[in-house]
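Read off the chains here:
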Amino acid sequence: MSTISRKTIRERIHRRIRKKVAGTASRPRLAVHFSNRHVYAQIIDDEKGVTLCCASTVEKALPNPAKLSNCETAEQVGKLVAERALQANISQVVFDRGGFTFHGKVKALAEAAREAGLQF
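Computed from a predicted structure; not experimentally measured.

A.B. asks: Can you break down the environment of Q76 residue by residue, with the values?
C.D. replies: Residue placement: Q76 occurs in helix α2 (residues 71–87). Counting along the chain gives 21 residues from Q76 to A55, while the straight-line C-alpha distance between them is 9.4 Å.

Encoded structure:
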């Protein structure tokens, strides 16, 4: 009997979500990803297949980039990606949680992006 890993289950859920969620030029997709160490957020136009702006904990632009993927760093990344989106004249996005449950880090990133001015 084989067991299915959590990563495989998350990837299945993400594929199912991506069938319904797509970014356009007027309303691009805010995609999030979490590794064990880093937090990544991208704003993507799926019609052109182009990343319009991004933010992550790998960058040195964060004030104090903690090398942990937790709620505080997710909030910092959410604020940073929202600022960059507003500079690129993007105010409305579609949120793609990437197969992760909307709780904890995902919720912290989304709420920080909303507070910084993005609408979803």
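Now that the structure has been shown, the text picks up again.
A.B. asks: Lay out the packing of aromatic side chains in plain terms, naming residues and giving numbers.
C.D. replies: The final tally for this structure, using the stated rule, is three aromatic pairs. Plain terms: the ring middles of F34 and F100 are 5.4 Å apart, the flat faces sit at 90° to each other, and that makes the pair edge-to-face. Here F34 is found in strand β1 (residues 29–34), whereas its partner F100 is found in the loop between β4 (94–96) and α3 (105–115), with 66 residues between them in sequence. Ring centres of F95 and F120 lie 5.2 Å apart, and the angle between their planes is 5°; on these two criteria the pair is classed as stacked. Pair noted here: F95 is in strand β4 and F120 is in the segment after α3, with a separation of 25 residues, a long-range link. Taken together, the ring pairs in this structure connect F95, F102 and F120 into an aromatic cluster.

A.B. asks: Describe the sheet that holds strand β3 (residues 50–56), listing the residues and the values that go with them.
C.D. replies: Taken in spatial order, the four strands of this open sheet run β3-β2-β1-β4, and their pairing is mixed. What marks the edges here is a single partner per strand, and that holds for β3 and β4. Sheet twist, expressed as the mean angle between neighbouring strand axes with direction ignored, is 20°. Sheet topology note: the β1/β4 ladder contains three bridges and is parallel. Among the inter-strand pairings, A31 is bridged to a residue of β4, identified as D96. Where α3 meets the sheet, its contacts fall on β1, β2 (39–45) and β4, and the angle it forms with β1 comes to roughly 145°.

A.B. asks: Lay out the pattern of salt bridges in plain terms, naming residues and giving numbers.
C.D. replies: Any two side chains of opposite charge can pair, given that their charged atoms come close. For the structure on display, the rule yields four salt bridges. Here D46 and R29 are joined by a salt bridge, their closest N and O atoms 2.9 Å apart. Taken together, the positions of D46 in the loop between β2 and β3 and R29 in strand β1 put the pair 17 residues apart, joining distant regions of the chain. Residue classification places D46 among the partly exposed positions, given a relative accessible area of 25%. A relative accessible area of 7% places R29 in the buried class. R84 is the partner of E59 in a salt bridge, and the nearest nitrogen-oxygen pair spans 2.9 Å. With E59 in the loop between β3 and α2 and R84 in helix α2, this residue pair connects regions lying 25 residues apart in the sequence. Overall, R84 belongs to the partly exposed group, its relative accessible area being 24%.

So, how was this worked out
Residues numbered from 1 in each chain as written. Predicted model: local features only at pLDDT ≥ 70, side-chain atom pairs only at ≥ 80, totals over all residues. Heavy atoms only, no water. Helix = DSSP H or I, 4+ residues; strand = E, 2+ residues; numbered from the N terminus. Phe/Tyr/Trp six-rings, centres within 6.5 Å; stacked < 30°, edge-to-face > 60°. Pairing = 2+ DSSP bridges. Axes fitted to C-alpha atoms, helices over the stretch in contact; angles between N-to-C directions. Contact = heavy atoms within 4.5 Å. Salt bridge = Lys/Arg side-chain N within 4 Å of Asp/Glu carboxyl O. Buried < 20%, exposed > 50% of the residue type's maximum accessible area, 1.4 Å probe, protein only.

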